[in-house]
Amino acid sequence: MQLFIKKYIKLIVMVLAISIVNTSCEDFFDFKSNQYMGADENTINSANDTVFSVIGILTKMQKLSDKYVLIGELRGDLLATTAFADEELKKLNSFSTDNNSYFSDVTDYYAVINNCNYFISRADTSISVKGNKPFIKELGAVKSFRAWTYLQLVLNFGKVAYYETPILNVSDSEKKYPVLNIAQLVDTLIKDLEPCAKYDMPNYGTIFTADSKYLFLNTQCLLGDLYLWKAAVSEDNYLSQKTIYEKAAQYYADAIVQKKFVNSNIDIKWTNSAFTSSVDSWSSLFGQTVGSNELISILSLASNSYSGNTTQLPYYYKNAHLAASQKLIDLFDEQVYVYPLSSTVNSFTYGDLRKKGSVFSGSTGDFADIPLPVKYRYNTIVLNRVGQLYLRYAEAVNRAGKPGVAFAVLKYGLNSTTIADSKAVPTNEITPMPAYVSVFNNAAFNLSTGIHTRGCGNSALNTRFVIPLSCTTLNDSVTFVENTICDEYALETAFEGNRFQDLMRISEHRNDPTYLAKKIASTHQDESYYLTFLSDKLNWYLPSKQ
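What you see is a predicted model; the values in this text were computed from it and never measured.

### Remarks on the overall build of the chain
Here is step 1: Along its length, the chain carries 23 helices and 14 strands.
Here is step 2: Counting the 546 residues in the chain, one finds 58% classified as buried.
Here is step 3: Long-range contacts, defined here as pairs at least 24 residues apart, represent 74% of the contacts in the chain between residues at least 6 apart.
Here is step 4: Carbon and sulfur atoms make up 50% of the accessible area of the chain, which totals about 21700 Å².

### Examining unusual backbone geometry
Here is step 1: In this model, T431 is joined to P432 through a cis peptide bond whose omega is -5°.
Here is step 2: You can see P432 is positioned in the loop between α17 (416-420) and α18 (435-438).
Here is step 3: Not every positive phi belongs to a glycine, and N511 is a case in point at roughly 55°.
Here is step 4: In this structure, N511 sits in the loop between α21 (499-510) and α22 (513-521).

### Considering the confidence of the model for the chain
Here is step 1: Per-residue confidence for the chain gives a mean pLDDT of 88, with 86% of residues at or over 70.
Here is step 2: pLDDT under 50 marks residues 10-40. Its contacts with residues more than four places away, or in other chains, come to 60 contacts.

### Side note on the packing of aromatic side chains
Here is step 1: As enumerated under the stated definition, the model contains 25 aromatic pairs in all.
Here is step 2: Taken together, a centroid distance of 4.9 Å and an interplanar angle of 70° make the contact between Y102 and F103 edge-to-face.
Here is step 3: Taking the relative accessible area as the measure of exposure, F103 reaches 2% and is therefore buried.
Here is step 4: Ring pairing ties together the aromatic residues F95, F500, Y529, Y530 and F533, which thus form one cluster.
Here is step 5: Looking at R75, its charged tip hangs above the ring of F500, at a distance of 4.1 Å from the centre.
Here is step 6: In this arrangement the basic side chain of R464 is found over the ring face of F348, its NZ or CZ atom lying 4.7 Å from the centre.

### Concerning the pattern of salt bridges
Here is step 1: Going through the model one piece at a time under the given rule, you end up with 24 salt bridges.
Here is step 2: With a closest N to O distance of 3.1 Å, D77 and K327 form a salt bridge. Of this pair, D77 sits in the loop between α4 (65-73) and β1 (79-81) while K327 sits in helix α13 (residues 326-334), and the two are 250 residues apart along the sequence.
Here is step 3: Residue classification places D77 among the buried positions, given a relative accessible area of 1%.
Here is step 4: Two residues, R505 and E395, come together in a salt bridge whose shortest N-O distance is 2.7 Å. With R505 in helix α21 and E395 in helix α15 (residues 386-399), this residue pair connects regions lying 110 residues apart in the sequence.

### Notes on the packing of helix α7 (residues 136-157) against helix α9 (residues 182-193)
Here is step 1: Two elements in contact, α7 and α9, have axes separated by 10 Å at closest approach and are oriented at 175°. When the interaxial angle is binned, α7 and α9 end up roughly antiparallel. Along its contact with α7, which presents K143, S144, R146, A147, Y150, L151, V154 and L155, the element α9 presents I182, L185, V186, L189, D192 and L193.
Here is step 2: For the contact of α7 with α9, the residue count by class is ten nonpolar, one polar and three charged.

### Describing the environment of K230
Here is step 1: By the element assignment, K230 lies in helix α10 (residues 219-232).
Here is step 2: Its relative accessible area of 24% is what places K230 among the partly exposed residues.
Here is step 3: For K230 and I182, which are 48 residues apart along the polypeptide, the C-alpha to C-alpha distance reads 8.2 Å.
Here is step 4: Ignoring any residue separated from it by four or fewer positions in sequence, one finds K230 in contact with V186, D187, I190 and I244.

### Overview of the environment of L139
Here is step 1: Note that L139 resides in helix α7.
Here is step 2: Relative accessible area serves as the criterion here: at 12%, L139 is assigned to the buried category.
Here is step 3: Residues L139 and P202 lie 63 residues apart in sequence; the distance between their C-alpha atoms is 9.6 Å.

### A short note on the side chain of T219
Here is step 1: Along the chain, T219 falls in helix α10.
Here is step 2: Here S144 takes part through its side chain, which lies 3.1 Å from a polar atom of the side chain of T219.
Here is step 3: Residues in contact with T219, not counting those within four places in the same chain, are S144, L193, C196, A197 and M201.

### Some details on the side chain of R454
Here is step 1: Position of R454 among the secondary structure elements: in helix α19 (residues 453-456).
Here is step 2: Side-chain polar atoms of R454 contact the side chain of E294, separated by 2.6 Å.
Here is step 3: If we skip the residues at most four places from it in the chain, R454 touches V262, N263, I266, D267, I268, W282, E294, R354, G387 and E492.

### A few points about the nonpolar core
Here is step 1: In this structure, Y150, Y390 and Y393 are the most contacted members of the largest nonpolar core, which totals 165 residues.
Here is step 2: Examining the composition of this core, we find that twelve residues originate from one element, α7, more than from any other.
Here is step 3: Dropping the residues within four chain positions of it, Y150 is found in contact with Y110, I113, V160, A161, Y162, Y163, L185 and L189.

### What about the pairing of strand β8 (residues 295-300)?
Here is step 1: Counting buried positions over the six residues of β8 gives six, a clear majority of the element.
Here is step 2: As defined by bridge partners, β8 adjoins strand β14 (residues 380-385) across five bridges and the pair is classed as antiparallel. Of the residues in β14, the one forming a bridge with L299 is I381.

### Let's talk about helix α6 (residues 107-122)
Here is step 1: Given a rise of 1.5 Å per residue, 16 residues ought to cover 22 Å, and the 22 Å separating the end C-alpha atoms of α6 matches this to within 8%.
Here is step 2: Most of α6 sits inside the fold, with 15 of its 16 residues counted as buried.

### Considering helix α11 (residues 242-259)
Here is step 1: Between its first and last C-alpha atoms α11 spans 26 Å; for 18 residues at 1.5 Å apiece the expected length is 26 Å, and the two agree.
Here is step 2: If you check which residues of α11 are buried, you get I244, Y245, A248, A249, Y251, Y252, A253, A255 and I256.

### A look at the packing of α10 against α21
Here is step 1: Between α10 and α21, whose axes approach to 8 Å, the crossing angle comes to 45°. Of the possible angle classes, the one that applies to α10 and α21 is oblique. Here α10 contributes L228, W229 and A232 to the contact with α21, which in turn contributes Q501, M504, R505, E508 and H509.
Here is step 2: Its residues assigned to classes, the contact of α10 with α21 shows four nonpolar, two polar and two charged.

### Thoughts on the pairing of strand β11 (residues 346-350)
Here is step 1: Of the pairings in the sheet, the one linking strand β10 (residues 336-340) to β11 comprises five bridges and is antiparallel in character. Among the inter-strand pairings, V336 is bridged to a residue of β11, identified as Y350.
Here is step 2: From the end of β10 to the start of β11, which pair antiparallel, there are five residues.

Procedures and definitions
- Residues numbered from 1 in each chain as written.
- Predicted model: local features only at pLDDT ≥ 70, side-chain atom pairs only at ≥ 80, totals over all residues.
- Heavy atoms only, no water.
- Helix = DSSP H or I, 4+ residues; strand = E, 2+ residues; numbered from the N terminus.
- Buried < 20%, exposed > 50% of the residue type's maximum accessible area, 1.4 Å probe, protein only.
- Contact = heavy atoms within 4.5 Å.
- Areas by Shrake-Rupley, 256 points an atom, 1.4 Å probe, with all protein chains shown as cover.
- pLDDT = per-residue confidence, 0-100.
- Phe/Tyr/Trp six-rings, centres within 6.5 Å; stacked < 30°, edge-to-face > 60°.
- Lys NZ or Arg CZ within 6 Å of the ring centre and 35° of its normal.
- Salt bridge = Lys/Arg side-chain N within 4 Å of Asp/Glu carboxyl O.
- Axes fitted to C-alpha atoms, helices over the stretch in contact; angles between N-to-C directions.
- Parallel < 35°, antiparallel > 145°, perpendicular 65-115°, else oblique.
- Nonpolar A, V, L, I, M, F, W, Y, C, P; charged D, E, K, R; others polar.
- Polar contact = N/O pair within 3.5 Å; in protein donor to acceptor, adjacent residues only side chain to side chain.
- Core = buried A, V, L, I, M, F, W, Y, C linked by side-chain atoms within 4.5 Å.
- Pairing = 2+ DSSP bridges.
- Expected span 1.5 Å × (residues − 1).

Okay, structure coming up:
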């Protein structure tokens, strides 16, 4: 790793450098500009400095977009390559990526980190204007970018070279930096990021065709993720980690309070009991126009290379390089959909309608009947959104020993009505009621719905979507609900970049690498090979260029 840091940080210093300067907006938005800030430049102490610096970091973040999605999905069980795919994609999907691969190159990650380190070390957050410190918001935003990037690095490669000061010359790159594993890194990031949890994000108006409020990472969401991973990778029994899971749940609840509720008007549903006509408002979450109140954080990319950094995902979609796995298709198709006929009578059919918003099968030409990942049509990469946030909350709450509360997130939605209904939320799980549950008594959540309802009709009326009576112990219930949450991650967030890490984390909760191995092996022709290969956690990580 020290050899790596010397070689690749030199590359960052000499080629990428610190790509923000005190220059005009015109020059700044020329992404091929060769003007760089050197080690002897001034402190970042003006609004122009901070805006240009932060937007420069965002341009570096854009370069991680395809790696984020493809590393997270092609190694999972929901996405596969086709005969049209290039060799890089096929190798990633088959876990045969070598250290010369595009996906093994970590330079872009460390470019983000080095730019963040420069900003943090140079931004003058002591400046006060009318009693306010205007650059505190930028500090929180940049620390969140750095934490997210470090987390992606360690989850993809198993370890990171960790440093907090900018590397601005070759002698800096010769220094020895600590190498951290996942457990060590999350503790370090939590300590660094928690003081920023109270900061609001900057507001720069429209950038990269998107409202800037979506371009910043939500610190509460990120801290929830860090605590969830902290508890998962602990060697202790999960019950002894209850307080850490509760800490994750509280941060997720804090983020939920900002975004309010799972909107009952955002779904895909049948409009008649004959199941012949449907309406779709859910797919708009992934559309060309960014503006949904359910979006939290995105990477917005240019439509062509002349305008800025682009993504290859629309190209892969249009040219059928990627396809939904048969396992995902089967999961969508086996779900039960409930259509209420009256207050006492319901009609049932099979199929989760979120399949319509996730998968498109052509009917003609070379791509006929290939189940294409339709979420890849546009130039927006969704990092966080409300549906995902609620599922992470449910994962944390379940592992905190409250499977009934977690299941209610899926089946009913959390609000004052469901919390008061012992059939929906078991009374023993909320006596006394923790703060991360009581927040849902606020009237703002009255219109919240169950995540499963988004594609399966009225899940509250689904007598087949329940915790079975055979779950007689807490461990039984936690395991069943966690399996259900894992399926719901697939149904709600397929192809969005999270799948492999979700499977990693759940396997870590259980201290059982075969959980991930079985899920992924079942999608490969040589199932026995992949089961053995992926049962070794060392094989979960990509090689990095040395």
